[in-house]
Amino acid sequence: MESTTSSCPSTPRWNIERPFLTGRFHQEAKAMSRFSESKGFSLDSFSTGLDKAIGCFDAAVQELIVIDDLLSAMVGIEGRYILIKRVRGKEDNVTFHVDPSMDLALQELAKKIFPLCESFMMINQFVESRSQFKNGLVNHAFAAALRALLLDYQAMVAQLEHQFQLGRLSMQGLWFYCQPMMGSMQALSTVIQKASTNNFAGSAVLNLLQSQAKAMAGDNAVRSLLEKMTQSASNAYLGILERWVYEGVIDDPYGEFFIAENKSLQKESLTLDYDAKYWRQRYSLKDGIPSFLANIAGKILTTGKYLNVMRECGHHVQVPVSENSKLMSFGSNHHYLECIKAAYDFASSELLNLIKEKYDLIGKLRSIKHYLLLDQGDFLVHFMDISRDELTKKIDEISVEKLQSLLDLALRTTAAAADPCHEDLTCCVERSSLLKRLGTLKDLEVSRTLSDGNDFEEPVSVTGLETFSLSYKVQWPLSIVISRKALTKYQLIFRFLFRCKHVDRQLCGAWQVHQGVRALNMRGTAISRSSLLCRSMLKFINSLLHYLTFEVLEPNWHIMHNRLQTAKSIDEVIQHHDFFLDKCLRECLLLLPELLKKVERLKSLCLQYAAATQWLISSSIDIPKLDESSDGSVGNSRSPSRAVKLTTRNTTVADSILKFEREFNAELQSLGPILSSSSQAEPYLSHLAQWILGVGKDQ
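Just so it is clear, the model here is predicted, and its values are computed rather than measured. (Residues numbered from 1 in each chain as written. Predicted model: local features only at pLDDT ≥ 70, side-chain atom pairs only at ≥ 80, totals over all residues. Heavy atoms only, no water.)

A. How the structure looks around the overall build of the chain. Of regular secondary structure, the chain possesses 24 helices and 6 strands. Residues classed as buried in the chain amount to 48% of the 699 residues present. In the chain, of all internal contacts separated by at least 6 residues, the share reaching a separation of at least 24 is 75%. Carbon together with sulfur atoms contributes 52% to the accessible area of the chain, which is approximately 34,200 Å² in total. (Helix = DSSP H or I, 4+ residues; strand = E, 2+ residues; numbered from the N terminus. Buried < 20%, exposed > 50% of the residue type's maximum accessible area, 1.4 Å probe, protein only. Contact = heavy atoms within 4.5 Å. Areas by Shrake-Rupley, 256 points an atom, 1.4 Å probe, with all protein chains shown as cover.)

Quick look at the structure:
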């Protein structure tokens, strides 16, 4: 993760323009004076302002001078014979140079100490630069830890200087005392160089420190130091994490946390937008997760999400925090993982109890089942009776307000009135038929097939009977589970069931017409054949409804209900509910386009036959009456022509019934093999397949 671009306070100019606030003024003052005296870097520069080169002195005197210069160099200050040279264009890179006339043994010892001096200057520069606001809390904490380390380092240099002033420090002694710090300082300078080069911030700094600590596993002192630095740098990060898992609040002023909040996504979108991404994308994981949290990042995200839902419900809850649950440290004991897991368990159980108990999730789902899955269909029978005239109109002529008032009347005058949730039920009229609507939902498997296929013709004039649907008002936080997408799936199932119920009612009406003429001796006529066809159609639609309700919806509902009772989190509830809907859609044939088109074609034939039944029956029952009148004394002169006309009509009626029978049987016979072959991949179709094949045998 690179340094954040979040809005943050700017560093005051006086903090940059006043060099005496840092230790660099010593270097800058010397560099400026030296630049004014000498344009280049050469051997002469070592003797500038000095009477003699160091080589003019005895070895013992040289040693004293070199020790004095090295003590200055160790805190980033040039000496008389040890100079600091900066690489042009790279202000952070410095090198130390000695007077070439210096004793060779002293030169070698001095050069051994130079890496320590360079490391100090690099660390000091990093501390100064990374303490600025824009670099984030992790860099601030890391810089503070380094500053504390540098104080210890400078205290060590001061002690060495004290020993030097007492005459107790030799060159070899200085080298001896410097060696323990060499490895640690160089390891830190390596980390700093990588962090500066890549402009690391946040979790990237923590990951870098951890990886370097693992790489130095063979050096206990260096590894311990790097682990301590990691611990110090992570304190601020763990503070952000603690507020998230204990309060559900992202307190991340510099954008370093690995959880991002998309404030443009509002909870209201769950009930309005089919593709609402609120639950999945309101809070999401970013790149750059700290390695020590990588395996538990998903649980951390979920914990805060649960706490946020409760807060938006006005249910203020905070995870109980004790001294043992503070997330201010992490290590090999994995105590922080136990704290996060405890916070997750608490948030999960609290939200689940809130949604189940206070907002009665199971009761809402049961109410939706009553109405949209026609679990209690008495209100629907009454509604279909009183709204028949309105539903038979074309889409543009239908008054949704009138349908809503008729629906309210049906709900108040049936057993549904006892349901406290019945007022949440509303009606709507879609703009397209069921098959066309399925083709517009891109996330369903059936959409591609339906959009590509053109073998099913849409009705020329679509009425309310094909487009009517029910909807349900769902409030937050239940909309997390019963989202717009879930409601749309319920509506698809309802429209399929509603259409089947309509076909069943029309066929029942046709059957009643047939029963009305049973007293007449119609055996051997077209009407008796029509009666058999009507019975076959009724058997088809009743068996389809039985399959949909008792073999698909009811068993799957009970499975889901039992799973919801044992669910441990709201995500499990969402998963079980979505699985229930997807399974019902598939087993109700709505995701099997080939079968669905066949069934819709059969229902269309049933409706055409039911609509033609009244004419067929009236045309058939006129025949015996006309025969009786032709034997009488009245109208004998007209009977031959009337007999011819009636014979023609009787033939037309018989042909119409035979045509319906052939088409219905042909569709049934073509559906049978499709069901048989599909039942191998979709075992739940086996019962329906057996019945369909049985209908073919009845014919």
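B. View of the nonpolar core. Membership of the largest hydrophobic core comes to 208 residues, with the highest contact counts inside it found for Met-74, Leu-293, Ile-300 and Leu-590. Considering every element that reaches this core, the biggest residue donor is helix H20 (residues 526-566), with 15 residues. Formed jointly, this core draws a minimum of three residues from each of two domains, domain 1 (18-29 + 53-199) and domain 2 (235-358). The residues contacting Leu-293, other than those within four sequence positions of it, are Tyr-237, Leu-241, Phe-258, Ile-300, Tyr-336 and Ile-340. (Core = buried A, V, L, I, M, F, W, Y, C linked by side-chain atoms within 4.5 Å. Domains from an automatic or database assignment.)

C. Inspection of empty space enclosed by the protein at higher detail. Applying the stated criterion to the full structure yields 4 cavities of 30 Å³ or more. One number sums up the size of the second largest cavity: a volume of about 50 Å³. Tyr-278, Trp-279, Arg-282, Tyr-283, Lys-305, Asn-308 and Val-309 are the residues that line the second largest cavity. Those elements that provide at least two residues to the lining of the second largest cavity are helix H9 (278-281) and helix H10 (297-312). (1 Å grid on protein atoms, 1.4 Å probe; cavity = no way out; pocket = protein on both sides within 12 Å on 5 of 7 lines; lining within 4 Å. Points joined across faces, edges and corners; volume = space filled by probe spheres on them.)

D. Spatial organisation of the packing of aromatic side chains. Evaluated as defined, the whole model comprises 19 aromatic pairs. Summarising the aromatic geometry, the rings of Phe-176 and Tyr-177 are spaced 5.5 Å apart at their centres and angled 70° between planes, so their arrangement reads as edge-to-face. Assessed through its relative accessible area of 44%, Tyr-177 is described here as partly exposed. Aromatic side chains Phe-468 and Phe-498 sit 5.2 Å apart centroid to centroid with 45° between the ring planes, which places their arrangement in the tilted category. Residue Phe-468 is found in strand E6 (residues 468-472), and its partner Phe-498 is found in helix H19 (residues 484-516); the two are separated by 30 residues along the sequence. Neither Phe-468 nor Phe-498 differs from the other in exposure class; each is buried. Of the aromatic side chains, those joined through ring pairs into one cluster are Phe-383, Phe-468, Phe-494 and Phe-498. Over the face of the ring belonging to Trp-476 we find Lys-267, whose NZ or CZ atom lies 5.8 Å from the ring centre. We note Lys-299 situated over the ring of Tyr-344; from NZ or CZ to the ring centre the distance is 5.0 Å. (Phe/Tyr/Trp six-rings, centres within 6.5 Å; stacked < 30°, edge-to-face > 60°. Lys NZ or Arg CZ within 6 Å of the ring centre and 35° of its normal.)

E. Summary view of the confidence of the model for the chain. Looking at the chain as a whole, the pLDDT averages 81, with 80% of positions reaching at least 70. When pLDDT is averaged over each element of the chain, helix H5 (residues 136-165) comes out on top at 94 and helix H2 (residues 24-37) at the bottom at 52. Low pLDDT, under 50, characterises residues 33-49; the predicted model gives this stretch 19 contacts beyond four residues in sequence or across chains. Throughout residues 695-699 the model reports pLDDT below 50, and contacts reaching past four residues in sequence, or to other chains, amount to 6 contacts. (pLDDT = per-residue confidence, 0-100.)

F. A look at the packing of helix H8 (residues 220-247) against H10. H10 packs onto H8 with a crossing angle of 50° between their chain directions and a minimal axis gap of 7 Å. Relative to H10, H8 is oriented oblique. Residues Leu-241, Trp-244, Val-245, Tyr-246 and Glu-247 of H8 lie in contact with H10, whose contacting residues are Ile-300, Leu-301, Thr-303, Gly-304, Lys-305, Leu-307, Asn-308 and Arg-311. Of the residues in the contact of H8 with H10, the class split is 7 nonpolar, 3 polar and 3 charged. (Axes fitted to C-alpha atoms, helices over the stretch in contact; angles between N-to-C directions. Parallel < 35°, antiparallel > 145°, perpendicular 65-115°, else oblique. Nonpolar A, V, L, I, M, F, W, Y, C, P; charged D, E, K, R; others polar.)

G. Spatial organisation of the environment of Ala-187. Tracing the chain through its elements places Ala-187 in helix H6 (residues 171-198). Looking at Ala-187, the relative accessible area reads 7%, which means it is buried. Each C-alpha atom, one on Ala-187 and one on Met-216, is 8.6 Å from the other, the two residues being 29 residues apart in sequence.

H. How the structure looks around the pattern of salt bridges. Under the definition given, this model contains 20 salt bridges. For Glu-312, the salt bridge identified is with Lys-267, shortest N-O distance 3.3 Å. Taken together, the residues Glu-312 in helix H10 and Lys-267 in the loop between strand E3 (259-261) and H9 connect sequence positions 45 residues apart. Between Asp-582 and Lys-489 there is a salt bridge, with its nearest N and O atoms 2.7 Å apart. With Asp-582 in helix H21 (residues 570-587) and Lys-489 in helix H19, this residue pair connects regions lying 93 residues apart in the sequence. Classification of Lys-489 by relative accessible area gives buried; the value is 7%. (Salt bridge = Lys/Arg side-chain N within 4 Å of Asp/Glu carboxyl O.)

I. Quick peek at the pairing of strand E5 (residues 425-429). Where burial is concerned, most of E5 is hidden: 4 out of the 5 residues are buried. When E5 meets E6, the two strands line up antiparallel, connected through 5 bridges. Bridging across to E6, Leu-425 finds its partner in Tyr-472. (Pairing = 2+ DSSP bridges.)

J. Inspection of unusual backbone geometry at higher detail. Cis geometry is adopted by the peptide bond preceding Pro-477, which originates at Trp-476 and carries an omega value of 10°. With respect to the helices and strands, the residue Pro-477 is situated in the loop between E6 and H19. Residues other than glycine seldom take positive phi values, yet Asp-360 does so here, at roughly 50°. By the secondary structure assignment, Asp-360 is in the loop between helix H11 (335-358) and helix H12 (361-372).

K. Quick peek at the environment of Gly-304. Counting through the fold element by element, Gly-304 comes out in helix H10. Take Gly-304: its relative accessible area is 0%, and that puts it in the buried class. The spacing of Gly-304 and Val-249 is 55 residues in sequence and 7.2 Å in space, taken between C-alpha atoms. With residues up to four places along the chain from it excluded, the contact list for Gly-304 reads Trp-244 and Gly-248.

L. Seen up close, the pairing of E6. Across the 5 residues of E6, 5 count as buried, placing the element largely inside the fold. Here E6 shows two buried faces, one formed by Phe-468, Leu-470 and Tyr-472 and the other by Ser-469 and Ser-471.

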